[in-house]
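Listed here are the chains, written in short residue letters.
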There are 2 protein chains.
Amino acid sequence: MTDVRALRGAAAVAGIGWTPFRKASGVSPLALAVRAVRAALDDAGLDPAEVDGLGTHHLGDTAQVHEVAKALGLDGVGWFSEEYGGGNRFPALLGDAALAVASGVARHVVLYRALNGRSGVRMGGATRPMPGPDLQWQQPYGVLTPAHNYGFAARAHMQAYGTTSAQLGAVAVAQRCAAVLNERAMMRTPLTLDDYLEAPEIVDPFRLYDYCLETDAGCAVLVTTTERARDLRRRPVTIEGWAAQLGRDDLTKPDLTTSTAATIAPRLYALAGRGPDDVDVAELYDAFTFTVLVQVEDYGFCAKGEGGPFVESGATALGGRIPVNTHGGFLSEGYVHGINHVCEAVSQLRGDAGARQVPGAETALVSAQPGYLTGGTSAVLLGVG
Amino acid sequence: MTDVRALRGAAAVAGIGWTPFRKASGVSPLALAVRAVRAALDDAGLDPAEVDGLGTHHLGDTAQVHEVAKALGLDGVGWFSEEYGGGNRFPALLGDAALAVASGVARHVVLYRALNGRSGVRMGGATRPMPGPDLQWQQPYGVLTPAHNYGFAARAHMQAYGTTSAQLGAVAVAQRCAAVLNERAMMRTPLTLDDYLEAPEIVDPFRLYDYCLETDAGCAVLVTTTERARDLRRRPVTIEGWAAQLGRDDLTKPDLTTSTAATIAPRLYALAGRGPDDVDVAELYDAFTFTVLVQVEDYGFCAKGEGGPFVESGATALGGRIPVNTHGGFLSEGYVHGINHVCEAVSQLRGDAGARQVPGAETALVSAQPGYLTGGTSAVLLGVG
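Residues numbered from 1 in each chain as written. Chains lettered and ligands numbered in written order. Predicted model: local features only at pLDDT ≥ 70, side-chain atom pairs only at ≥ 80, totals over all residues. Heavy atoms only, no water.

### Topic: empty space enclosed by the protein
Using the criterion set out here, one finds 5 cavities of 30 Å³ or more in the structure. In this model, the largest cavity occupies a volume close to 100 Å³. Lining of the largest cavity is provided by W79, S81, E83, D96 and L99 of chain A together with W79, S81, E83, D96, L99 and A100 of chain B. Approximately 50 Å³ is the volume attributed to the second largest cavity. If you go around the second largest cavity, the residues you meet are G78, W79, F80 and V105 of chain A together with R89, A92, D96, W242 and A244 of chain B. For the lining of the second largest cavity, the elements supplying multiple residues, two or more each, are β3 (79–84) of chain A together with α3 (90–102) and β8 (237–245) of chain B. Looking at the lining of the second largest cavity residue by residue, the class counts come to 6 nonpolar, 1 polar and 2 charged. (1 Å grid on protein atoms, 1.4 Å probe; cavity = no way out; pocket = protein on both sides within 12 Å on 5 of 7 lines; lining within 4 Å. Points joined across faces, edges and corners; volume = space filled by probe spheres on them. Helix = DSSP H or I, 4+ residues; strand = E, 2+ residues; numbered from the N terminus. Nonpolar A, V, L, I, M, F, W, Y, C, P; charged D, E, K, R; others polar.)

### Considerations on the confidence of the model for chain A
With 97% of its residues at a pLDDT of at least 70, chain A reaches an overall mean of 94. The ipTM value of the predicted complex is 0.95, and its pTM value is 0.97. (pLDDT = per-residue confidence, 0-100.)

### Observations regarding the packing of aromatic side chains
Scanning the entire structure with this criterion turns up 18 aromatic pairs over all chains. Between Y150 of chain A and F288 of chain A, the aromatic rings sit 5.4 Å apart at their centres with planes inclined by 50 degrees, giving tilted as the arrangement. In this pair, Y150 of chain A is assigned in helix α5 (residues 146–161) and F288 of chain A in the loop between β9 (281–283) and α10 (289–298), connecting sequence segments 138 residues apart. Residue class for Y150 of chain A comes out buried when judged on its relative accessible area of 1%. The exposure class of F288 of chain A is buried, given its relative accessible area of 5%. Note on F330 of chain B and Y335 of chain B: the rings are 5.1 Å apart at their centroids and 70 degrees apart in plane angle, and the pair reads as edge-to-face. (Phe/Tyr/Trp six-rings, centres within 6.5 Å; stacked < 30°, edge-to-face > 60°. Buried < 20%, exposed > 50% of the residue type's maximum accessible area, 1.4 Å probe, protein only.)

### Some thoughts on the pairing of strand β11 (residues 377–384) of chain A
All names here are of chain A. Where burial is concerned, most of β11 is hidden: 7 out of the 8 residues are buried. In the sheet, strand β8 (residues 237–245) pairs with β11 via 8 bridges, with the strands oriented antiparallel. For T238, the partnering residue across the bridge sits in β11 and is G383. Alignment of strand β10 (residues 364–367) against β11, held across 4 bridges, turns out to be antiparallel. Opposite L365, over in β11, you have L381 as the bridge partner. (Pairing = 2+ DSSP bridges.)

### Considerations on unusual backbone geometry
With an omega dihedral of 0 degrees, the bond running from D204 of chain A to P205 of chain A counts as a cis peptide bond. Here P205 of chain A shows up in the loop between β5 (201–203) and β6 (206–207). A positive phi angle is found at N325 of chain A, which is not glycine, with a value near 55 degrees. With respect to the secondary-structure elements, N325 of chain A resides in the loop between α11 (307–312) and α12 (329–332). With a phi angle near 75 degrees, Y372 of chain B is a residue other than glycine that sits in the positive phi range. Within the secondary structure, Y372 of chain B is located in the loop between β10 (364–367) and β11 (377–384). Accessibility expressed as a relative area gives 1% for Y372 of chain B, which makes it buried.

### Description of the relation of the copies chain A and chain B
Expressed as a screw operation, the relation of chain A to chain B combines 0.0 Å of axial shift with a rotation of 180 degrees, fitting to an RMSD of 0.0 Å. Overall, the copies show the geometry of a two-fold rotation axis. Measuring from the rotation axis to each C-alpha of chain A, the shortest distance belongs to E83 of chain A, at 2.2 Å. (Least-squares fit on C-alpha atoms with pLDDT ≥ 70 in both.)

### Description of the interface of chain A and chain B
Listed as interface residues are 50 residues of chain A and, on the opposing side, 49 residues of chain B. Between chain A and chain B lies a buried interface of about 4,100 Å² when both sides are counted; carbon and sulfur atoms form 56% of it. In this assembly, chain A and chain B are joined by 0 salt bridges. On the surface where chain A and chain B come into contact, there are 12 residue pairs in polar contact (both at pLDDT 80 or more). Those elements that place two or more of their residues in the side of chain A that touches chain B are β2 (53–58), α2 (65–72), β3, α3 (90–102) and β8 of chain A. The leading source of residues in the side of chain A that touches chain B is β3 of chain A, at 6 residues. Split into classes, the residues belonging to the side of chain A that touches chain B amount to 21 nonpolar, 17 polar and 12 charged. (Contact = heavy atoms within 4.5 Å. Buried area = accessible area lost by both parts, 1.4 Å probe. Salt bridge = Lys/Arg side-chain N within 4 Å of Asp/Glu carboxyl O. Polar contact = N/O pair within 3.5 Å; in protein donor to acceptor, adjacent residues only side chain to side chain.)

### Details of α5 of chain A
Residue and element names in this part refer to chain A. In this model α5 runs 22 Å from its N-terminal to its C-terminal C-alpha over 16 residues, within 8% of the 22 Å that 1.5 Å per residue would give. Along α5, the positions that sit buried rather than exposed are P146, A147, H148, N149, Y150, G151, A153, A154, H157 and M158. If you follow the buried residues of α5, they end up packed against α4 (135–138), α6 (165–179), β5, β6 and α10. Directly beyond the C-terminal end of α5, a positive phi value near 75 degrees is found at G162. (Expected span 1.5 Å × (residues − 1).)

### Let's talk about the environment of A24 of chain B
All names here are of chain B. Position of A24 relative to the elements: it lies in the loop between β1 (11–18) and α1 (29–44). By relative accessible area, which is 52% here, A24 ends up exposed. With 96 residues separating them along the chain, A24 and G120 place their C-alpha atoms 8.5 Å apart.

### Section: the packing of α5 of chain A against α10 of chain A
All names here are of chain A. Where α5 contacts α10, the axes come no closer than 10 Å and their chain directions differ by 55 degrees. Viewed along their axes, α5 and α10 adopt a mutual orientation that is oblique. Once α5 is placed against α10, the crossing between them reads as left-handed. Facing Y150, A153, A154 and H157 of α5, the residues of α10 in contact are F290, T291, L293 and E297. Within the contact of α5 with α10, the residues separate by chemical class into 5 nonpolar, 2 polar and 1 charged. (Axes fitted to C-alpha atoms, helices over the stretch in contact; angles between N-to-C directions. Parallel < 35°, antiparallel > 145°, perpendicular 65-115°, else oblique. Left-handed = near helix turned anticlockwise from the far one by under 90°.)

### Regarding the side chain of R113 of chain B
Structurally, the position occupied by R113 of chain B is in strand β4 (residues 109–116). At 3.4 Å, the side chain of R113 of chain B and the backbone oxygen of H57 of chain B are in polar contact.

### Observations regarding the pattern of salt bridges
By the definition in use, this model includes 32 salt bridges over all chains. Close ionic contact of D96 of chain B with R89 of chain B constitutes a salt bridge, the shortest N to O distance being 3.6 Å. Across the pair E214 of chain B and R122 of chain B runs a salt bridge whose closest N-O atoms are separated by 2.7 Å. Remark: R122 of chain B occurs in the loop between β4 and α4 (135–138) and E214 of chain B occurs in the loop between β6 (206–207) and β7 (216–225); sequence separation between them is 92 residues. Given the relative accessible area of 26%, E214 of chain B is considered partly exposed. What makes R122 of chain B partly exposed here is its relative accessible area of 40%. Salt bridges here are not isolated pairs; linked through shared partners, they connect D43, R234, R350 and D352 of chain A.

### Here's the deal with the environment of A229 of chain A
Residues and elements named next belong to chain A. Position of A229 among the secondary structure elements: in helix α8 (residues 226–229). For A229, a relative accessible area of 0% corresponds to the buried category. Once residues within four sequence positions are removed from consideration, A229 is found in contact with A12, A14, T224, R234 and P236.

Next comes the structure, spelled out in structure tokens:
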């Protein structure tokens, strides 16, 4: 039991589900959660009575697992997880579910995240600061929202490496190009670099299109053993490895230009037995454009400091060397706090991503927020079963 | 990997730690958490730098894992869990940690729970109802606190089986007898049945001494593999099995006289390869006296309906057939939301429980809240390594 490499590929994502992504869902987070879970089970062709695990993460803004179980009539849930956390959490939760099914603690685990992020609890505003005592050291200085934390890091990167606003804009433009091909995306109007640069500044150095969207939506994924997944409807997408790390994720880091992703990347690749050159598609946490730019460096797709030229070169666009956020990401598809990145990666690895399909994709990286905020980071590598 | 029985005894509790149990700690939950974690590491003789896992559960009332990691200078935390939950959660969290170390995902996991349950956020009051939408169906009828939920169940048990107030009182009296022998306990004045019966009624059928205490305290346990635990200072206490269940844990249950503990008991015993006759000591969740009475039935120590005569007979007192809550429990030691039951069970199995030691104890059962509230239940069976 104690060789963690035994977990490589032992569990798989066997189903994915979404509700529509909207500004106003018109229903509760519970209804969104139930619809997303049902969609994921339908996708896999699994009877809800077979579900014996249920997990989510939240910040007090969603349906709790016992409510979802009751609403769906799930009477046999013997593994459950309800993690307190936001952008740091989903890939780690996927790892927890993989461990639960690989060890036999559960057979079929459904993970979901559902929130009315636009019409309900809006998490980016200064009127509702993020929880945590770290804020007592930040708020007196005007650091009130995640944009402030990431803004300092982006500005530090600009100063250290000459990263430009146009390079941040290249991230937004590339992701919008992908979103145009994604019928689920909230933002499908083509975006030019001029549009980006002319948009209002919000928090230095971020403009409007550096920000992820506020979204009402639910998503869900079904996790089971790879062996069991082969008996279900879809091609299994294997969980090859995951890693997580609590870091000193605040503005006291000695070097803001490197994220906690750099800490977990070697461990993640070693566990999965794959490296950055093996990754065909990456869904990188994009609360802001900058988080993509720093992660293409910290996950080893380019050298430290070269993220700006790298994204500007088109390397991360569809058709580029390493397509990133092929659904449009949080910037253009919608922001469901991490899980929609996993859904897109699964779609890409199954080969059913339609017009935005990355040909022959066999390995996908999905990351969580790369630090700078409380709760650290996590990431997962997915493959084909 | 998929035979869950491979987990039996693979992980162990290698250290336990407490802060004092008080009405007013005078410090923050963060300070309590840090002190408890340090105490557990000192108990085991483990360098804090070796800790790579950290977990807790909470209701927004404690130090988050990233704060505790930062305060202790733990830079290598690669597994972490911060479960949203209360009385349902600790045994399941212990199982999660066991799985993490048994699979090699982590090496040394510290779990803690710290709260200022008396001087800070008090959770039993009607002015701060428990979270969850289920309450919208309860509050209009005056069901405002956990005592109301458990009170209905206790009254149903009285009606169905003739259970008496004096039998509920026998639970309180037996636990106070144990607390007298426990230097950590908040309530060490001997309690008689007359004291119990003459105390004011709070919520039918509960009187003052049916209630657990409001406590400021922190506790922590260190979990590692049993093999690794053998190299540390204390005798390893093995995690033989655990089980959890989300149930329809509210007043819509068709039969309030049986708890969700009855659902998990067979699974727990099967996983651990031990039955109720093997259990030498039981630390049963005692938010109220009634929860002990219903659990001695539902975990199989006596037949359904016979819990009242069973506790009245002295079977659950120190020296009885199955000593229960040998530290005084939440009713007399203090209420740290579950974890202090695990600490006491470990102490008993190590044989260092002093005047309240159960001679030759080799198997201990520790349970969470037995349903009736949101979040279901969980339980763990511990043994000697």
